[in-house]
Amino acid sequence: MTKAEYLEAFKKTSQNWCFSFAPGRIEFLGNHLDYNGGTVLGMAVNAGIYCLGVPHSENHHLGISQDQNQFSLFSESFEDSEFVGNLDKIEKQSGKYGWTNYCLGVLQQLQNRELSPKEGFRLIFTSNLPTSVGLSSSAALELATCLTLLQLAEKNLEKKELVTLCREAENHFVGLPCGILDQGTSAFGKKDQLVYIDCKKEEFSNLALPSDTRVWIFNTGIKHDLVDSLYSTRHEECMEVLQRGQKVYPAKEYLTDFTLEELNSLTLPENLKKRGIHVIEEQTRVSLFREGLIKKLNPEKLGKLLADSHVSSSMHFENSCPELDFLSEMLNRHPNVLGARLTGGGFGGAVMAWTQSKFLQDDAESIVQAYAGKFNQTIDWHQFEPSDGAGKENLLDAPPTRLSEMHR
Ligand code: GLA
């Protein structure tokens, strides 16, 4: 068979298959502002999760049961954990099936809106996103699932609704009170640009980065066992500051609506006061950064806002750790780094660094060596480009991973 004949045959076999991609994201600036009604800056990266959907009617190719309501979820990243479920009974999973909750939550939200496939299907996931780096593979999994299921159901959703639906899946089904940063960035990413999100109005736009800049991730590999519960605790603390503040300032809707003076006028326990200071000052940093980018100010000046953000997360929001502090300090001291900070929920995870092209792989290696000297551990780094957001994909353009091999 020639390559052209093969492609023709493959096109025929796969004509009813659906395929989507959703990128991971880097939180560029705006730590823990999204659920506090603030504005945040995210960057979609050039790596993510691909999802192939095969409709029920074609499952026999794959030797799958003919039960109309049966569906299955398989990910290359979790080898022995193919999940088989029933459309009439979507239930939260644990243990080796824990990863499927992001997909099941999306399926349930689609069912609530009568947008889900009426018959069973098979979803197959593959990823070129480094795992456990804090690039929000969970949001990418939600969006890739959602886009593929919508295609299978022959339905459509506006991008903004897609973001809302996926966030609701995470809040209500997975049970994490996250904001809209991850899903919003993965959906609205654009090449060479940041995603600017007004979380109060749920409005999304893009903002060009200066040319000649790069974004790096240094991953400590530390995943705090309690990371989800610590995130929820920070969320609760912010809500408590808001509620206490609203007793004095009833018109305020979100914590980011307060000024520092107003916060200081409240009688608050030390920890709550610190959370409030972080949120209010971080909001100012995002606004200054955005204005600075629009006015094309010197990137070195703007980078300082990233460094300040880290210090505030560490001192006031207390979601850093010695390893993240060390990386951030080393990177912020480096002459070719514009700014560096912890990115995402915190309590472990990664530091992002915004650099000019003068910062090279050797520089990244020297940071890794310094880290090894201090913590006796080798960590990994990655460099990413600001990239386009989630969308339908052409299966014939699938990346050369095992997913595509399975079908060739
Ligand atoms: C995680 C959450 C986001 C956001 C960040 C912190 O990534 O999923 O919604 O709250 O933490 O800014």
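All values derive from a computational prediction rather than experimental measurement.

Undergrad: Break down the packing of helix α9 (residues 299-317) against helix α10 (residues 322-333) for me, citing the residues and quoting the values.
TA: Packed helices, taken two at a time, are described by their axes: the angle between them and the distance between them. In contact at an axis separation of 11 Å, α9 and α10 are set at 160 degrees when each is read in the N-to-C sense. Here α9 is positioned roughly antiparallel relative to α10, judged by the angle of their axes. Pair α9 / α10 crosses with left-handed handedness. In this structure, α9 contributes Ala307, His310 and Ser314 to the contact, and α10 contributes Leu324, Asp325, Ser328 and Asn332. Classifying every residue of the contact of α9 with α10 by side-chain character gives 2 nonpolar, 4 polar and 1 charged.

Undergrad: Can you break down unusual backbone geometry residue by residue, with the values?
TA: A positive phi angle, close to 60 degrees, is found at histidine 32, a residue other than glycine. Following the sequence through the fold, histidine 32 ends up in the loop between β1 (18-29) and β2 (39-55). Within the chain, glutamate 202 stands out as a residue other than glycine whose phi angle is a positive 50 degrees. Within the secondary structure, glutamate 202 sits in the loop between β6 (193-198) and β7 (203-208). Judged by its relative accessible area of 23%, glutamate 202 is partly exposed.

Undergrad: Talk me through the pairing of β2; I want residue IDs and the actual numbers.
TA: For β2, the buried fraction is high: 16 of the 17 residues fall into the buried class. Alignment of β1 against β2, held across 10 bridges, turns out to be antiparallel. Along β2, the bridge assignment pairs arginine 25 with alanine 44. Bridge count between β2 and β6: 4 bridges; the pairing is antiparallel. Paired with valine 40 across the bridge in β6 is isoleucine 197. Bridging between β2 and strand β5 (residues 121-127) involves 7 bridges; their strand directions are antiparallel. When the bridges of β5 are listed, tyrosine 50 appears paired with threonine 126.

Each value, and the rule that gives it
- Throughout this document, residue positions are counted from 1 along each chain, in the order its sequence is written.
- Selection of residues for local features in this predicted model requires a pLDDT of at least 70, selection of side-chain atom pairs for listing and counting requires 80 or more, and totals for whole chains, interfaces and linings are taken over all residues.
- To get the side-chain values, all heavy atoms of the structure are used, and hydrogens and water are removed first.
- An axis is simply a line fitted to the C-alpha atoms; with a helix, the fit covers only the stretch in contact. Between two such axes, the angle follows the N-to-C directions and lies from 0 to 180 degrees.
- We count a stretch as a helix when DSSP gives it H or I for four or more residues in a row; a strand needs E for two or more, and each element gets its number in order from the N terminus.
- Roughly parallel refers to an angle under 35 degrees, roughly antiparallel to one over 145, roughly perpendicular to one between 65 and 115, and oblique to any angle outside these ranges.
- Definitions for this section: a left-handed crossing has its near helix turned counterclockwise from the far helix by less than a right angle. A right-handed crossing has that turn clockwise.
- Contacts: residue pairs with any heavy atoms within 4.5 Å of one another.
- Only Asp, Glu, Lys and Arg are considered charged, only Ala, Val, Leu, Ile, Met, Phe, Trp, Tyr, Cys and Pro nonpolar, and every remaining residue, Gly among them, polar.
- Here the term buried applies to any residue with accessible area under 20% of the maximum for its type, exposed to any over 50%, and partly exposed to those in between, with areas from a 1.4 Å probe on protein chains only.
- Two strands are said to pair when DSSP picks up at least two bridges between them.

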